[in-house]
Amino acid sequence: MPMDMQEWRDSNATADDAANAFREMLRLADAPDRTINSIRGAATHRGDAVVYVGHLPADVVERLAERVRLAVTP
């Protein structure tokens, strides 16, 4: 069954919001602009909201992991 256009738009908006949140995390980890700008939110053909991350520099991932560890350490 085809999804209607509003469902697709809603999924796309959800994906964009999630991509923006991830971009903000990357900014906090001092990621380079080219990495931040490579993050894309989209809706799949089935209407699932997804975020395309691709390849991230290892040092950026390590900084993100360190921030997460600090946030969840009691």
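Residues numbered from 1 in each chain as written. Predicted model: local features only at pLDDT ≥ 70, side-chain atom pairs only at ≥ 80, totals over all residues. Heavy atoms only, no water.

**Details of the pairing of strand β2 (residues 49-52)**
Step number 1: Of the strand pairs in this sheet, strand β1 (residues 40-43) and β2 are connected by 4 bridges, and their pairing is antiparallel. Note on β2: the bridge partner recorded for Arg-40 is Tyr-52.
Step number 2: Following β1, the chain reverses through 5 residues before pairing antiparallel with β2; Gly-47 in that reversal takes a positive phi of roughly 95°. (Pairing = 2+ DSSP bridges. Helix = DSSP H or I, 4+ residues; strand = E, 2+ residues; numbered from the N terminus.)

**Topic: the packing of helix α1 (residues 5-28) against helix α3 (residues 58-72)**
Step number 1: Between α1 and α3, the shortest axis-to-axis distance is 9 Å and the interhelical angle comes to 95°. By the angle between their axes, α1 is roughly perpendicular relative to α3. Of the residues in α3, those in contact with Phe-22, Met-25, Leu-26 and Leu-28 of α1 are Val-60, Leu-64 and Arg-67.
Step number 2: Its residues assigned to classes, the contact of α1 with α3 comprises 6 nonpolar, no polar and 1 charged. (Axes fitted to C-alpha atoms, helices over the stretch in contact; angles between N-to-C directions. Parallel < 35°, antiparallel > 145°, perpendicular 65-115°, else oblique. Contact = heavy atoms within 4.5 Å. Nonpolar A, V, L, I, M, F, W, Y, C, P; charged D, E, K, R; others polar.)

**With respect to the nonpolar core**
Taken as a class, soluble globular proteins show a tendency for nonpolar side chains to be buried jointly.
Step number 1: Counting 8 residues, the largest nonpolar core is built from Ala-19, Leu-26, Ala-29, Ala-31, Ile-36, Ile-39, Val-60 and Leu-64.
Step number 2: Residue assignment for this core shows that the elements contributing at least two residues are α1 and α3.
Step number 3: Discounting chain neighbours no more than four positions away, the residues touching Leu-26 are Ala-31, Thr-35, Ile-36, Ile-39, Val-60 and Leu-64. (Core = buried A, V, L, I, M, F, W, Y, C linked by side-chain atoms within 4.5 Å. Buried < 20%, exposed > 50% of the residue type's maximum accessible area, 1.4 Å probe, protein only.)

**Structural notes on unusual backbone geometry**
Step number 1: At Asp-30, a position not held by glycine, the phi torsion is positive, near 55°.
Step number 2: Topologically, Asp-30 is positioned in the loop between α1 and α2 (33-36).
Step number 3: Classification of Asp-30 as exposed rests on a relative accessible area of 62%.

**Remarks on the side chain of Asn-12**
Step number 1: Along the chain, Asn-12 falls in helix α1.
Step number 2: When its relative accessible area of 19% is taken as the criterion, Asn-12 is described as buried.
Step number 3: For Asn-12, the residues in contact, after removing those within four places along its chain, are Gly-41, Ala-42 and Ala-43.

**A look at the pattern of salt bridges**
Step number 1: A full pass over the atoms with the stated rule returns 4 salt bridges.
Step number 2: Here Arg-63 ties to Asp-59 by a salt bridge, and the two come within 3.2 Å at their closest N and O atoms. Here Arg-63 and its partner Asp-59 are both found in helix α3, 4 residues apart, which amounts to about one turn of the helix.
Step number 3: We classify Arg-63 as partly exposed; its relative accessible area is 30%. (Salt bridge = Lys/Arg side-chain N within 4 Å of Asp/Glu carboxyl O.)

**Let's talk about the confidence of the model for the protein chain**
Step number 1: The predicted model of the protein chain has a mean per-residue pLDDT of 92, with 99% of residues at 70 or higher.
Step number 2: Mean pLDDT in the protein chain bottoms out at α3, which sits at 91, and peaks at β2, which reaches 97. (pLDDT = per-residue confidence, 0-100.)

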